[in-house]
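Analysis of the macromolecular model
The primary structure of each chain is shown beneath.
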Amino acid sequence: MSGSAPPRDRATRKADALRQLTAPAADGWVATASPDGRPHLVPLSIAWADDRIIVALEGSSLTARNIASSGVARLGVGQTRDVVLIDASLDATHGVDDVESIGPAYAAQADWDPRGLAGYVFLVLRPTRIQSWREVDEFPGRMLMTDGEWLI
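A brief look at the structure comes next.

The subject of this paragraph is the pattern of salt bridges. For the structure shown, the criterion picks out 13 salt bridges. The salt bridge partner of Arg8 is Asp16, with a shortest N-O separation of 2.9 Å. Neither Arg8 nor Asp16 differs from the other in exposure class; each is buried. One salt bridge in this structure joins Arg134 and Asp16, with 3.6 Å as the shortest N-O distance. Of this pair, Arg134 sits in the loop between strand S6 (120–133) and strand S7 (143–146) while Asp16 sits in helix H1 (residues 10–21), placing them 118 residues apart in sequence. Each member of the pair Arg134 and Asp16 is classed as buried.

The next thing to look at is the packing of aromatic side chains. Within the structure shown, the criterion is met by four aromatic pairs. A centroid spacing of 6.1 Å and a plane angle of 80° characterise the contact between Tyr106 and Trp112, whose relative ring orientation is edge-to-face. Here the aromatic rings of Trp133 and Phe139 are separated by 5.4 Å at their centres, their planes lie at 85°, and the arrangement is edge-to-face. What links up through ring pairs into an aromatic cluster is the set Tyr106, Trp112, Tyr120 and Phe122. One cation-aromatic arrangement involves Lys14 over Trp150; the distance from NZ or CZ to the ring centre is 4.5 Å. Just above the ring of Trp133 sits the side chain of Arg142; from NZ or CZ to the centre is 6.0 Å.

Criteria and cut-off values
- As a convention, each chain's residues are numbered from 1 in the sequence order in which they are written.
- Only residues with pLDDT of 70 or above have their local features reported here, since the model is predicted, and side-chain atom pairs are shown and tallied only from 80 upward, although totals for entire chains, interfaces and linings are computed over all residues.
- Excluding hydrogens and water, the side-chain values take into account all heavy atoms of the structure.
- Here a salt bridge means any side-chain nitrogen of Lys or Arg lying within 4 Å of a carboxyl oxygen belonging to Asp or Glu.
- The cut-offs for exposure are 20% and 50% of the maximum accessible area for each residue type, with area from a 1.4 Å probe on protein chains only; residues under the lower value are buried, those over the upper are exposed, and the others partly exposed.
- Secondary structure elements follow DSSP: runs of H or I of four or more residues count as helices, runs of E of two or more count as strands, with numbering from the N terminus.
- Aromatic rings from Phe, Tyr and Trp, taking only the six-membered ring of Trp, are treated as a pair when their centres fall within 6.5 Å; an angle between ring planes under 30 degrees marks them as stacked, one over 60 as edge-to-face, and anything in between as tilted.
- A ring is considered to have a charge above it if a Lys NZ or an Arg CZ atom is located within 6 Å of its centre and within 35 degrees of its normal.

Distances and angles like these do not, on their own, reveal function.
If you want it as structure tokens, here you go:
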């Protein structure tokens, strides 16, 4: 990729981004901030369902508390030279055993199943902005979604 492939158009980038977001055992870096502005970054398994990102974690974790407090998170998915950056807002928080449709979808993609674990929750995150690029030549057109609407 490093300069040998021509820049992708937005439609190709969207397809590639969705492929990364729906890949089996997909992982992402989830960035949050505390109410006093301290940054926090953790790797988490993700699932993509109904145009939402689902993460499972302990409800008492710093990440869950930060997202509950601010209502937002930033996620990085993929490698440095083929990244998808997502700004997202909290759509819902559910106990892992509370919503029948979320658990199977998450477990099937994330390759682990948190259902039955005391204190664990699913955070359902709604993407508000999605960017994707490989190299600097893809900076133009890297915006795939703004204000929760796909640009393609």
